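# Structural characterization, general
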Amino acid sequence: MTMATSQAALQVLSGSSPGHSLFDHCFKILSSGLPVESVNYRKKRGSGFAPLHYRLGMIGRYPFHSINGFSRGKAIVKRLVPMRCNCQWTENIRDETATEGRSVSLPINGLDNDKGDFALNGNLDAANSILGTVENSCSKSVEEEAWNLLRESIVYYCSNPIGTIAANDPTNSSTLNYDHVFIRDFIPSGIAFLLKGEYDIVRNFILYTLQLQSWEKTMDCHSPGQGLMPASFKVRTVPLEGDDSATEDVLDPDFGEAAIGRVAPVDSGLWWIILLRAYGKCSGDLSVQERVDVQTGIKMILRLCLTDGFDMFPTLLVTDGSCMIDRRMGIHGHPLEIQALFYSALLCAREMFAPEEGSADLLRALNNRLVALSFHIREYYWIDLKKLNVIYRYSTEEYSYDAVNKFNIYPDQIPPWLVEFMPNRGGYLIGNLQPAHMDFRFFSLGNLWSIVSSLATQDQSHAILDLIEAKWGVLVAEMPFKICYPALEGQEWRIITGSDPKNTPWSYHNGGSWPTLLWQLTVACIKMNRPELAEKAVELTERRISRDKWPEYYDTKRGRFIGKQARLFQTWSIAGYLVAKLLLANPGAAKILVNEEDSELVNAFSMISANPRRKRGLKKQSFII
């Protein structure tokens, strides 16, 4: 391509499509007159943590075989006692890789001809061809950059890839706990590696985190409950005792003791079960989930979740800050996000359960909870224009089993914003439900995962996507995806968040936009056969996220500013984009995450819907769990 040709193409493209600022870098390359192969697209920056080409297939370095058959022996990890590996190695495996400066080829086809430069007048087809080619090339270069960054974030334990750190931001010297491997943060990374056919890192993550699970039954109020999975862990390399020339790797788990607010993570164990199932379905290796220690780990998580408590609801009762929204945001009680993950984890666990003596009561309790939970969420959390009209005319202080307003919701609780927000077509699951209180906020992860897990019905799932489509300008706007809507403001913000300076209105967890939610949106859209919504969101993301250096979140109502305190090169922003691209390229792969509702649940739900009082007349069963 000649210089004049590239400049003319740039004029057409910039004139007809001013919104394509994503491709500024590509246009600079084209207009420079340099061979595109000679231009290095990615900025070179020190990884400081892990090499690009991590070593796989080295799980034998750690004696997992010694704990087969549930013979954990010395592998048992006491709480707050770091997990150590005694393999000695002094070489630095985290050196800068020589492949970091890979060049990106941007082939431009169909433009050179014997007559020289093409004419601008009447050649819109050629301009559109250029635009399509450049968009495709820049999209590929963004993907290549994302893969390089994801691999740079890999953490090693005894030379084995074990996870990815939360962020690898070279511009911020204060690491806090962003150099930890978070279970919830690794999920999109793990899914990306699975879809890429790189299974070892996910297998290592599953088995090593199992060793960190709390196994001791404790009564200490500052100790994690039996079965609790840590929120995160950190790999430290320390000198070997008695030999300063050798080192050993240590895993330090955090169950919430060091986290802001000191809240135990409820969602870690649920995500772990979901990833375990995805690993088996994607790799075909069922030996991991069939291991005795893994089966025991699953059951310990279920027992922790299914334990009787002072609660009449089938939903999980949790505190504020126990999930993705890990700061005070008024979601204590029965937040939708936890219920959707709980439901999905129950279905995944039932699918992976190895039948054995003594687990019949646990399985029975699991099935009972699935039925009750699905009915409760579908019936009482659902809201659309029709349901809103019913709530608007509620009678209060009703006392009977046949009460319509079962939770004594006062109609004055309906906020003014909801009247404008609710479209004629569409609906969603509210954020929380407690006596005399409905949290009408739209929480994205809970609604999207309710679709993925089939906690929402088919009609409700389509209605949720209808609402997202109708309210695209506020839920997606210029960067997917709003974590919740609307934001808490004014006196409400001061009371509910405690005047949290990080959760200011339309920032962070208080209405900020999180690119990592892109992958959950994609799975939900594929499940409901509406991938065009996800494709539109991915296109929006590609316009900015690489140029903005992959931030953790965005601020303002429309997501126009990079978050004031957002980390750059946030790993789950990178991985979320990659998972969305991989799934859109191969929609059939979404089955590793989707839960299809089985006929038994449908029948049981229909019976309860026909006669909600029927269950009360049954003799109460006790389960030994």
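Residues numbered from 1 in each chain as written. Predicted model: local features only at pLDDT ≥ 70, side-chain atom pairs only at ≥ 80, totals over all residues. Heavy atoms only, no water.

## Side note on the pattern of salt bridges
Where charged atoms from two side chains of opposite charge come close, those side chains can pair. Counted according to the given criterion, the structure contains 21 salt bridges. Ionic pairing is found between Asp-466 and Arg-425, a salt bridge with its closest N-O pair at 3.6 Å. Residue Asp-466 is found in helix H14 (residues 458-470), and its partner Arg-425 is found in the loop between helix H12 (416-421) and strand S8 (427-434); the two are separated by 41 residues along the sequence. The class of Asp-466 is buried, set by a relative accessible area of 8%. Accessibility expressed as a relative area gives 59% for Arg-425, which makes it exposed. Among the charged side chains, a network of salt bridges with common partners joins Arg-425, Asp-466, Glu-469 and Arg-530. (Salt bridge = Lys/Arg side-chain N within 4 Å of Asp/Glu carboxyl O. Helix = DSSP H or I, 4+ residues; strand = E, 2+ residues; numbered from the N terminus. Buried < 20%, exposed > 50% of the residue type's maximum accessible area, 1.4 Å probe, protein only.)

## What to know about the environment of Trp-272
Examined against the element boundaries, Trp-272 turns out to sit in helix H6 (residues 267-283). Since its relative accessible area comes to 0%, Trp-272 is described here as buried. The contact partners of Trp-272, leaving out residues within four places of it in the chain, are Ile-206, Thr-209, Leu-210, Met-229, Val-294, Ile-298 and Ile-301. Looking at Trp-272, its side chain comes within polar contact range of the side chain of Thr-209, at 3.1 Å. (Contact = heavy atoms within 4.5 Å. Polar contact = N/O pair within 3.5 Å; in protein donor to acceptor, adjacent residues only side chain to side chain.)

## Re the pairing of strand S5 (residues 232-240)
Judged from the two bridges that link them, strand S4 (residues 181-182) and S5 form a sheet pairing that is antiparallel. Bridge pairing in S5 links Val-181 to Phe-233. Bridge analysis of S5 against strand S6 (residues 243-254) gives nine bridges, and the strand direction is antiparallel. Counted as the bridge partner of Arg-236 is Val-250 from S6. (Pairing = 2+ DSSP bridges.)

## Describing unusual backbone geometry
Cis geometry marks the peptide bond from Pro-480 to Phe-481, where omega comes out at 5°. Along the chain, the position of Phe-481 falls in the loop between helix H15 (472-475) and strand S10 (484-485). Here the bond from Tyr-485 into Pro-486 is cis, since omega is -5°, no more than 30 degrees from zero. Position of Pro-486 among the secondary structure elements: in the loop between S10 and helix H16 (490-497). Phi angles above zero are rare outside glycine, and Trp-506 is one such case at about 65°. On the accessibility criterion, Trp-506 (9% relative accessible area) is buried.

## Focus: the confidence of the model for the protein chain
Predicted coordinates in regions of low pLDDT should not be interpreted in detail. Averaged over the protein chain, the pLDDT score is 81; the fraction of residues at 70 or greater is 73%. Under a pLDDT of 50 for its full length, residues 88-122 has, in the predicted model, 74 contacts with residues more than four places off or in other chains. Within the model, pLDDT remains below 50 along residues 614-625, and this stretch shows 16 contacts once partners closer than five positions in the same chain are excluded. (pLDDT = per-residue confidence, 0-100.)

## Some words on the side chain of Asn-405
Within the secondary structure, Asn-405 is located in the loop between helix H11 (385-392) and H12. For Asn-405, a relative accessible area of 3% corresponds to the buried category. Apart from the residues within four sequence positions on either side, Asn-405 is in contact with Tyr-394, Ser-395, Thr-396 and Glu-398.

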